[in-house]
Structure formats: C-alpha cells, structure tokens
Amino acid sequence: MKTFYVCYTCESYIKWENVTQGLEVTIEEIRIEVMNKLLKYDYFIVKNDNGYSLINSSLVRYVSIVNEKTESMKVN
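Residues numbered from 1 in each chain as written. Predicted model: local features only at pLDDT ≥ 70, side-chain atom pairs only at ≥ 80, totals over all residues. Heavy atoms only, no water.

Draft legend 1. Here's a closer look at the overall build of the protein. The helix and strand tally for the protein stands at one helix and five strands. Moving toward the C terminus, one meets the helices and strands of the protein in the order β-β-α-β-β-β. Burial status across the protein gives 30% buried among its 76 residues. Across the protein, every contact between residues at least 6 apart in sequence was considered, and the portion connecting residues at least 24 apart equals 53%. (Helix = DSSP H or I, 4+ residues; strand = E, 2+ residues; numbered from the N terminus. Buried < 20%, exposed > 50% of the residue type's maximum accessible area, 1.4 Å probe, protein only. Contact = heavy atoms within 4.5 Å.)

Take a look at the structure:
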C-alpha cells in the first residue's frame, strides 16, 4: 500500500490528509482525485493522524502532495 500526504492550504489554516491507495497508483492519479473532490463538493472531510476535519472547498488556495510512503505487505 502507498500512503500519500496531501496538504491543503486554506485562507487561515492548513490541513493534512493521509490518502492510502494500492501499489499501482501514481501521484498524478491522486492529484486528479483531489482536484475532482474540490470541484465537485462545497465541503469535504479529510482523514489524518489526528482524526477527521471538514474543509470548505472555496477556502482552499493551494494543494500539494508532499510525500509518498510505501508499506510492504508480508506474506507468510
């Protein structure tokens, strides 16, 4: 599994989201998914290590995908 860290910079705050996808997903696919979410919804919920947060799409000024972490699955 891959975990991507998405940073939403809004007018007065910054929110982080952990996006976990399969091994075949690319950063470009995550970017498209995030942009579709911003265009489709007025508000959306993001999940991170601290829990859940509500973000108003109209307040988002900048989005970046900061890091990528790959977790290997052990097979016995």
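Draft legend 2. Expanded view of helix 1 (residues 27-40). For helix 1, built from 14 residues, the straight-helix expectation of 20 Å at 1.5 Å per residue is met to within 8% by its first-to-last C-alpha distance of 20 Å. Of all the residues in helix 1, the buried ones are I30, V34, K37 and L38. Viewed along the axis of helix 1, the buried residues span an arc of 100 degrees, placing them on a single side of the element. Turned more than 90 degrees off the buried face of helix 1, the exposed positions are L39 and K40. (Expected span 1.5 Å × (residues − 1). Arc of directions from axis to C-beta.)

Draft legend 3. Quick peek at the environment of G22. Structurally, G22 is set in the loop between strand 2 (14-21) and helix 1. What makes G22 partly exposed here is its relative accessible area of 31%. Apart from the residues lying within four places of it in its own chain, the contact partners of G22 are M1 and K2.

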